[in-house]
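So the chains spell out like this:
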Amino acid sequence: MRSKLILLLFVQLCFALFALSFAHSSGSTEGYTINGRVKIPSVGTKEFFLPGKISNVKVILNGGQRVTFLRPDGYFSFHNVPAGTHLIEVAAIGYFFSPVRVDVSARNPGKIQAALTENRRGLNEFVLEPLREEQYYEIREPFSIMSIVKSPMGLMVGFMLIVVFLMPKLMENMDPEEMRRAQEEMRNQGVPSLANLLPRSS
Amino acid sequence: MAMAIRAFLIFVLFLSSTQFCFSLYEDQVGLMDWHHQYLGKVKHAVFHTQKTGRKRVLVSTEENVVASLDLRHGDIFWRQILGTNDAVDALDIALGKYIITLSSDGSILRAWNLPDGQMVWESSLQGLKMSKSILNIPKNLKANKDDLILIFGQGCLHAVSSIDGEVLWKKDFSGQSIEVQQIIHSPHNDIVYVAGFVGSSNFYVYKVNAKNGELLKDNNVELPSGTYGELLSVSSDMFVVLEDTRSKIVMIDLKNEEINYKYSHISDLIKYSSGQAVILPSRLPGIFALQLNSHSILIKVANEGGLVLVEKINDAAAISDAVSISEGQHAFAFVQHEDNKIYFTVKDVDNWNADLLKERIVIDNQRGNIEKIFINNYIRTDRSNGFRALIAMEDHSLLLVQQGDIVWSREDGLASVVDVTTSELPVEKKGVSVAKVEQNLFEWLKGHMLKLKGTLMIASPEDVVAIQAMRLKSSEKSKMTRDHNGFRKLLIVLTRAGKVFALHTGDGRIVWSVLLRTLRKSDACERPVGLNIYQWQVPHHHAMDENPSVLVVGRCGPSLAAPAVLSFIDAYTGRELNSLSPAHTVAQVIPLPYTDSTEQRLHLIIDVNQQAYLYPKTPKAIDILQHEFSNVYWYSVEVDNGIIRGHALNSRCNREVVDEYCFDFRDLWSIVFPSESERIITTTRRKLNEVVHTQAKVMTDQDVMYKYISKNLLFVANVAPKARGEIGTATPEESWLVIYIIDTVTGRILHRMTHHGCQGPVHAVFSENWVVYHYFNLRAHRHEMSVIEVYDQSRADNKDVWKLLVGKHNLTSPISSYSRPEVITKSQSYYFTHSVKAIEATSTAKGITSKQLLIGTIGDQVLALDKRFLDPRRTLNPSQAEKEEGIIPLTDSLPIVSQSYITHSLKVEGLRGIVTVPAKLESTSLVFAYGVDLFFTRIAPSRTYDSLTEDFSYALLLITIVALVAAIFVSWVLSERKELQDKWR
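Analysis parameters
Residues numbered from 1 in each chain as written. Chains lettered and ligands numbered in written order. Predicted model: local features only at pLDDT ≥ 70, side-chain atom pairs only at ≥ 80, totals over all residues. Heavy atoms only, no water. Helix = DSSP H or I, 4+ residues; strand = E, 2+ residues; numbered from the N terminus. Buried < 20%, exposed > 50% of the residue type's maximum accessible area, 1.4 Å probe, protein only. Contact = heavy atoms within 4.5 Å. Areas by Shrake-Rupley, 256 points an atom, 1.4 Å probe, with all protein chains shown as cover. Lys, Arg positive; Asp, Glu negative; His and termini not counted. Charge placed at Lys NZ, Arg CZ, Asp CG, Glu CD. Axes fitted to C-alpha atoms, helices over the stretch in contact; angles between N-to-C directions. Parallel < 35°, antiparallel > 145°, perpendicular 65-115°, else oblique. Left-handed = near helix turned anticlockwise from the far one by under 90°. Nonpolar A, V, L, I, M, F, W, Y, C, P; charged D, E, K, R; others polar. Polar contact = N/O pair within 3.5 Å; in protein donor to acceptor, adjacent residues only side chain to side chain. Phe/Tyr/Trp six-rings, centres within 6.5 Å; stacked < 30°, edge-to-face > 60°. 1 Å grid on protein atoms, 1.4 Å probe; cavity = no way out; pocket = protein on both sides within 12 Å on 5 of 7 lines; lining within 4 Å. Points joined across faces, edges and corners; volume = space filled by probe spheres on them. Arc of directions from axis to C-beta. Expected span 1.5 Å × (residues − 1). Bend = angle between axes of the 7 residues up to and from the residue. Salt bridge = Lys/Arg side-chain N within 4 Å of Asp/Glu carboxyl O. Buried area = accessible area lost by both parts, 1.4 Å probe. Pairing = 2+ DSSP bridges. Disulfide = S-S within 2.5 Å.

## Here we look at the overall build of chain B
Each helix and strand in chain B was counted, giving 8 helices and 64 strands. Along the longest, intermediate and shortest principal axes, the C-alpha atoms of chain B span 125 × 80 × 60 Å. Residue burial in chain B is summarised as follows: out of 985 residues, 54% are buried. Counting contacts in chain B only where the partners sit at least 6 residues apart, residues at least 24 apart contribute 51% of the total. When the accessible surface of chain B is totalled, it reaches about 43900 Å², and 52% of it is carbon and sulfur. Averaging the coordinates of the 104 positive side-chain charges in chain B and doing the same for the 111 negative ones gives two points 4 Å apart.

## Things to note about the overall build of chain A
When you go through chain A residue by residue, the secondary structure sums to 5 helices and 11 strands. When each of the 202 residues of chain A is scored for burial, the buried share is 37%. Residue pairs at least 24 apart in sequence account for 57% of intrachain contacts in chain A once pairs closer than 6 positions are excluded. Accessible surface for chain A amounts to roughly 11700 Å². Of this, 59% is attributable to carbon and sulfur atoms.

## Re the environment of B:Gly747
Residue and element names in this part refer to chain B. Mapped onto the secondary structure, glycine 747 falls in the loop between β53 (736-743) and β54 (749-756). On the basis of relative accessibility, which here comes to 16%, the residue glycine 747 falls in the buried class. C-alpha of glycine 747 to C-alpha of leucine 668: the two residues are 79 residues apart in sequence and 8.1 Å apart in space. Among all residues touching glycine 747, those that are not within four sequence positions of it are Trp669, Ile671 and Ile742.

## Quick look at the packing of helix α3 (residues 152-173) of chain A against helix α8 (residues 954-984) of chain B
Between two packed helices, what matters for the description is the angle formed by their axes and the separation of those axes. Look at α3(A) against α8(B): their axes get within 8 Å of each other, and the N-to-C directions meet at 15°. Considering the angle they form, α3(A) stands roughly parallel to α8(B). Considering the relative orientation of α3(A) and α8(B), their crossing is right-handed. On the side of α3(A), the interface is formed by A:Met153, A:Met156, A:Val157, A:Met160, A:Val164 and A:Glu172, while α8(B) contributes B:Leu956, B:Leu957, B:Thr960, B:Leu964, B:Ala967, B:Ser971 and B:Lys978. Residues belonging to the contact of α3(A) with α8(B) are distributed by class as follows: 9 nonpolar, 2 polar and 2 charged.

## Brief notes about the side chain of B:Ser107
Residues and elements named next belong to chain B. Locating serine 107 in the fold gives a position in the loop between β7 (98-103) and β8 (108-113). A relative accessible area of 16% places serine 107 in the buried class. Among the polar contacts listed, one links the side chain of serine 107 to the backbone oxygen of serine 104, at a separation of 2.8 Å.

## Some points on the packing of aromatic side chains
Residue and element names in this part refer to chain B. Throughout the structure, instances matching the rule amount to 21 aromatic pairs over all chains. Each ring, one from phenylalanine 332 and one from phenylalanine 334, has its centre 6.2 Å from the other, and the planes form 40°; the classification is tilted. As far as the burial class goes, phenylalanine 332 and phenylalanine 334 line up, both buried. Clustering of aromatic rings is evident, with ring pairs tying together Trp34, Phe928, Tyr930 and Phe936.

## So, empty space enclosed by the protein
What the rule picks out here adds up to 3 cavities of 30 Å³ or more. Computed from the structure, the largest cavity encloses a volume of approximately 180 Å³. Contributing elements (two or more residues each) for the lining of the largest cavity: β5 (84-91) and β6 (95-96) of chain A. Among the elements that line the lining of the largest cavity, the one with the most residues is β5(A), at 3 residues. Quantified by volume, the second largest cavity comes out at close to 110 Å³. Around the second largest cavity, the lining residues are B:Tyr193, B:Val205, B:Tyr206, B:Lys207, B:Lys217, B:Asp218, B:Asn219, B:Leu254, B:Glu257, B:Glu258 and B:Ile259.

## Things to note about helix α5 (residues 619-627) of chain B
Residues and elements named next belong to chain B. Residues of α5 that are buried: Ala621, Ile622, Ile624 and Leu625. One side of α5 carries all its buried residues, which in axial view fall inside an arc of 165°. Exposed residues pointing more than 90 degrees away from the buried face of α5 are listed as Pro619, Asp623 and His627. At its buried positions, α5 is contacted by β43 (588-595), β44 (601-606), β45 (611-615), β47 (643-652) and β48 (662-672).

## Considerations on α3(A)
Residues and elements named next belong to chain A. With 22 residues, α3 extends 30 Å between its outermost C-alpha atoms, agreeing within 8% with the 32 Å of an ideal straight helix rising 1.5 Å per residue. In α3, a bend of some 35° at leucine 166 exceeds every other bend along the element, and proline 168, a proline, comes one to four places later. All buried positions along α3 are accounted for by Pro152, Met153, Gly154, Leu155 and Met160.

## Considering the pattern of salt bridges
Residue and element names in this part refer to chain B. The final tally for this structure, using the stated rule, is 36 salt bridges over all chains. Lysine 907 is the partner of glutamate 909 in a salt bridge, and the nearest nitrogen-oxygen pair spans 4.0 Å. Taking relative accessible area as the criterion, glutamate 909 reaches 11% and is therefore assigned buried. For lysine 907, a relative accessible area of 12% translates into the label buried.

## Section: the interface of chain A and chain B
Across the contact, 60 residues belong to chain A and 72 residues belong to chain B. Taking both partners together, chain A and chain B bury about 6000 Å²; carbon and sulfur atoms supply 61% of that area. Taken together, chain A and chain B are joined by 3 salt bridges. Here A:Glu118 ties to B:Arg782 by a salt bridge, and the two come within 3.0 Å at their closest N and O atoms. Taken together, chain A and chain B are joined by 18 residue pairs in polar contact (both at pLDDT 80 or more). Elements with a minimum of two residues in the side of chain A that touches chain B: α1 (16-26), β2 (58-61), β3 (66-69), β4 (75-81), β5, α2 (145-150) and α3 of chain A. Considering each element in turn, the side of chain A that touches chain B owes the most residues, 9 residues, to α3(A).

## Some details on the sheet that holds strand β64 (residues 934-939) of chain B
All names here are of chain B. Reading across the sheet, the 4 strands line up as β1-β64-β63-β62 and stay open at both edges, with antiparallel pairing between neighbours. Unpaired on one side and paired on the other, β1 (34-36) and β62 (913-918) mark the two borders of the sheet. Between one strand axis and the next, the sheet turns by 15° as a mean value, whatever way the strands run. Sheet topology note: the strand β63 (residues 925-930)/β64 ladder contains 6 bridges and is antiparallel.

## Considerations on the environment of B:Tyr38
Residue and element names in this part refer to chain B. Structurally, tyrosine 38 can be placed in the loop between β1 and β2 (42-48). Assessed through its relative accessible area of 8%, tyrosine 38 is described here as buried. For the pair tyrosine 38 and asparagine 377, spaced 339 residues apart in the sequence, the C-alpha separation amounts to 26 Å. Among residues more than four places away in sequence, those in contact with tyrosine 38 are Arg79, Arg410, Glu411, Asp412, Leu414, Ala415, Val932, Asp933 and Leu934. Among the polar contacts listed, one links the side chain of tyrosine 38 to the side chain of histidine 36, at a separation of 3.4 Å.

## Examining the state of the cysteines
Residue and element names in this part refer to chain B. All chains considered together, the criterion is met by 2 disulfides over all chains. Disulfide pairing is shown between cysteine 525 and cysteine 556; the S-S distance is 1.9 Å. Between cysteine 525 and cysteine 556, the S-S dihedral sits near -115°, and the bridge is therefore left-handed. Of the two residues, cysteine 525 sits in the loop between β38 (510-515) and β39 (529-537) while cysteine 556 sits in the loop between β40 (549-555) and β41 (564-570), which places them 31 residues apart along the sequence. Residue cysteine 525 shares its accessibility class with cysteine 556, and that shared class is buried.

Remember that the coordinates give geometry; whether it matters functionally is a separate question.
Next comes the structure, spelled out in structure tokens:
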């Protein structure tokens, strides 16, 4: 599944100009912009999640420090992010996204490197795709005869059938002599009761 | 034969236990869980009713929620929850299709699509200075200029295109050190006036071209005195502000590009006025409202600059902004509140004599005062104007009032739950009214036949619908009596508004609610805050006839030095039994493990002056405490100083006024962490009411380990001072996380461990003998979860059989908190994908059932993770014996199985806490997660091994029995016949 993901090659630097100018004006290393894109496959397999619906997707920087939303085209941006190593998480019901490690370089202003933390895969272009779809519900097995047979009731019936139809057959195959001996033994032991069937507690 | 039966029975048992998986089927949603969505206290509201079709009201709240509500029913069309520090400053509609929100102190501007809440654009407005943030969307402009939004924020004036959020121009005012308070856009000549003060008396006005941001003119005037409060614009060229003594009104006039000002005494307008006036921020043309003592005064600004008193409203009132009802005609509303009635009055701004509307509405008196009102007009069928009003109350609830009636109300106070406790429901008795649940046999059979069809997957779609409806409406779960399994309880929640709600665990409905008098704003108590809620009286043996009650502890203000307030509430009726406003403060509340003869639990309230106060204040309670005097220990954490202290009671208070219920205490020990290398960020202890079934843990090699189970363990997490901030502020080299396990009676440090290159935030849960904590590893740049298990080594030698025989074992020796047993710890760390907001462990009635961790993730979902995954004994290749014991092979990260999200496809937006309560049924634990939303469910960490599941098919059982009986009968007949044949032979 993971290997199937195709991650394209390209780092977005279109904001570098702005970031540069800001860094100069403030005289500090603050104020870079992280731009990225979340891509959700538009073919939804489940009916409870509207396919391609991105209004419920949140992008979270550094564990809740900032939260942003997706534009209709899937793009998002965080403004005024200081240089350093940051963590971006995507919260979307129905999809599992890996958190992304984002390095905002101070020396090379505006240069951003991103890598998925789950599989340490580097991202050349800042496009986040879900690693897998999440299935929150068990799927009911379709009706089959086996499921009935496997259920405790089915087993009870099955066991009963074995006792009723197979046991007499077994009895028939027994030697009549042996049978008589067994019956005698039983008689000697007394009335068979449930107590005999249960393991004796000594 | 016997073996066969036993084997068969075991097999059947095994099968029946594997039948129910932990995860849910989609059609089981809503059977044992409920999910309620809230918004929080409404700050801004804008109506959108112009077009035909859906009528909406758009709100933003103090929980940073932006939402669109159905005006007919109050349902949520959509809502978006912004980040916790992204407070909404202003909200408006632009272009008739976008909702514009300004948030984060005027630095983020977003546009949301009106029908579905999709964010259309976002723009970041940057500036250098904190300032008031103002959003101004010019109305009634010509179509070609209809796309400009003016924002003042961060010390700059921005003009933003409302189509794509592009910043068209920016004018920086931060250099002028002006505090801008108003911006006025005059539509005729496309000019923006920016007005504000430098200092408190120097009034400045800048005239800016709205097309390009060019500064056309600036003007200033030095007022002879300072000003107080906000500047209010009364018309496009007139401002009012209070003079700093708050007894005069300053009117500032901008006519003809000149600034003129005029002072008027409030006492000239209204006789015998004393006290401090405040200008209310209602935007009314030509009128402003003044609050004086508890009155509201409406003052009209006459054309020649004179002030005329038009109305004095006596009771606490709320005044709306004006709405335009027709060309040049504006109306506004005010509401007065009296006991359980509100008087809703709408007046024309210009024609003062007649009321446009005057209505009296009966209202539940547990809602407090009216805080805010927003009005909207509509055209009635007879072409007259009708008005509706959205009212935000003191308890944060939201009402829509129309035609003298409350159309809908929302209990949005539940979006800000502060603390939760539970209470049992009354026992079912004769005479207690109980909903009818008993159906006749035919219906019962029919229901089970339907269920059977469902399980066999041969149900038609109509049947499926019928089954679902039948299961959901099952009145069994929402009865108001105690049930055998202990699933039905009352959740008693304290909200930030000071209102206490009792929610039924069956369906989440509000059983009662009470707005506490002690937690309402009053002269004695300026800004009360509710702190905690405790079980005060849980009658079970002695006082069966009494109702249980809860204790609510609050404080008269945000600082620790504010005096305490206490309330006692009946848990069945919501009646406030008693309330106290003691003179002492509250720093800590300690529920003691002792109860008096009426099952009232003893509580110690520790104040900031090193004194402890005993509650309830009865001589009986003193007797009990005297008896256990030397057994009361507690600790306190001073986060700022990095000190943890242990305390014990010392003696009665030594004061002039004799207070029998006051005690001095002494410090037993203290642990001082070096402040240059460690700062306390989290402390966690075990839940006081947690039950542990067994101390012994049998290992694979028939070895026994003894868990070190002590109620007095404290987990402390410290980080390096540089790593106190959020992720991204510290480098791995300068950050470390140091964790301690401390015995709070003796002050002994049982365990200390350092995680290098790690930082907070740390979320931890302490249960039995283990602690699990979540933190961030900067080196790997991933979150980690670690587990520490503590074992008692002093008992370890008891496994020697010879010692047991000779009697040299110490199993019967009493366990003492003073002893210093030798302990060993085992720990291990794992990666965890998500950030965490809350973490909790399941709790069950007897503690037999294995534990699950409930992890509230950053995506506002709650994940149930088996404690077995966080076992420090996991190895790469577990031996056969270890596998049988259930040890999972070691992996570097914890698995996230999507079926084990207990919130399934729902989100508990703004998740803040998770509470678990044991049910009476040992296998089951009740889970309540709260945030902006509330979510409740019950989970069985080891599956429901002690009861049949909900979808157990009785019909199938019946059919089987019938089949068996028939088979017996048939075989009996057959055997008879065979015997007869044999005899004939």
